[in-house]
Amino acid sequence: MNKILLGFLLIANTLSADAVRDGLEEYNKGNYKQARELFNESCISGDLSSCFNMGLMYEKGEGVEQDYNRSKEIYTMTCELGFSEGCFAIASAYYKGRGVNQDYKKALPFYKKACDAELGKGCYLLGFMYHEGEGVKQNYKTSTEMYSKACFNGIYDACIYAADEYIKGDNVRQDYYKTKELATVACNNGISKGCFMLGVLYEFGDAVREDKSMAKELYGKTCDLGAYQGCEAYKRLNDKGIQ
């Protein structure tokens, strides 16, 4: 979670003008004053990513005096205009108490706006808050739904959180088919536990036709990704003569 909360990146719209690209180049060189001027130029022209980048610079005090209020104003403006990273930045400020009083209840609607805009990390943090009951009544069903949405929007660790809930069935209705769908996304993106879950489903025929050879292959992939459980399961099937 901390990795996501701290993972503010300077964002450039692929359709941005030269000033945006030049601003990023100057920023990466540490020429913050020039970068801010270029971002300001693009922001005035309507490029929300440039406005967001200016907010980030005010938050960090890069090329300007650190000013959390100014950064908050900019983030809020970009969020209201539909820039999901702005919504996420405001949410994270409230969640962490960065420049504002920590307030989970105020963070929640901004994470929701980010998630509604298909920003995976917004859905992930929303899922976490519902799971832990932070600023909202604990709700495992909603948490699992948010983790699932995060999974399909590029946050692959979230696939495992949702798949775990569906395969165990302790907090939500057990659903092997959803487990398979989520675990497949995770496995295809290098998450070892996703491959292991798929292996279990194929070995025992849950939501798929039983296929021990496929299970062995998936356990092998799990092992190759560094998870010892996969190595053990691969060896067990190999010792049984499964090809």
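Note that this is a predicted model, so its numbers are computed, not measured.

Asks: Explanation requested: the overall build of the protein chain in the structure shown.
Replies: Broken down by element type, the protein chain carries 14 helices and zero strands. Along its sequence from the N terminus, the protein chain presents helices and strands in the succession α-α-α-α-α-α-α-α-α-α-α-α-α-α. If you line up the protein chain on its principal axes, its C-alpha atoms span 65 × 40 × 25 Å. In the protein chain, the proportion of contacts linking residues at least 24 apart, taken out of those at least 6 apart, comes to 45%.

Asks: Honestly, empty space enclosed by the protein in this entry has me stumped. Any pointers?
Replies: Inspection of the entire model under this criterion finds one cavity of 30 Å³ or more. Counted as a void, the largest cavity has a volume near 110 Å³. Around the largest cavity, the lining comprises 13 residues; the ones closest to its centre are Tyr-68, Ser-71, Lys-72, Ala-93 and Arg-98. Of all the elements in the fold, those that place two or more residues in the lining of the largest cavity are helix 5 (68–80) and helix 6 (84–96). At five residues, the largest contribution of residues to the lining of the largest cavity is made by helix 5. When grouped by side-chain class, the residues that make up the lining of the largest cavity number seven nonpolar, three polar and three charged.

Asks: Before we go on, may I ask you to explain the side chain of Glu-165 in this structure?
Replies: Note that Glu-165 resides in helix 10 (residues 156–168). Buried within the structure, Glu-165 lacks any salt-bridge partner; its nearest side chain of opposite charge belongs to Lys-168, at an N-O separation of 7.2 Å. The residues touching Glu-165, leaving out its near neighbours within four places in the chain, are His-131, Tyr-140, Thr-144, Asp-170, Asn-171 and Val-172.

Asks: Is there a simple way to think about the layout of surface pockets in this case?
Replies: Unfilled space is identified by rolling a water-sized probe across the atoms. Its boundaries defined by the atoms lining it, the second largest pocket holds a volume of some 200 Å³. Taken together, 13 residues form the lining of the second largest pocket, with Thr-144, Glu-145, Tyr-166, Asp-175 and Lys-178 sitting closest to its centre. Every element with two or more residues in the lining of the second largest pocket is listed here: helix 9 (140–151) and helix 11 (176–188). In terms of residue class, the lining of the second largest pocket is built from four nonpolar, three polar and six charged.

Definitions and cut-offs
Residues numbered from 1 in each chain as written. Predicted model: local features only at pLDDT ≥ 70, side-chain atom pairs only at ≥ 80, totals over all residues. Heavy atoms only, no water. Helix = DSSP H or I, 4+ residues; strand = E, 2+ residues; numbered from the N terminus. Contact = heavy atoms within 4.5 Å. 1 Å grid on protein atoms, 1.4 Å probe; cavity = no way out; pocket = protein on both sides within 12 Å on 5 of 7 lines; lining within 4 Å. Points joined across faces, edges and corners; volume = space filled by probe spheres on them. Nonpolar A, V, L, I, M, F, W, Y, C, P; charged D, E, K, R; others polar. Buried < 20%, exposed > 50% of the residue type's maximum accessible area, 1.4 Å probe, protein only. Lys, Arg positive; Asp, Glu negative; His and termini not counted. Salt bridge = Lys/Arg side-chain N within 4 Å of Asp/Glu carboxyl O.

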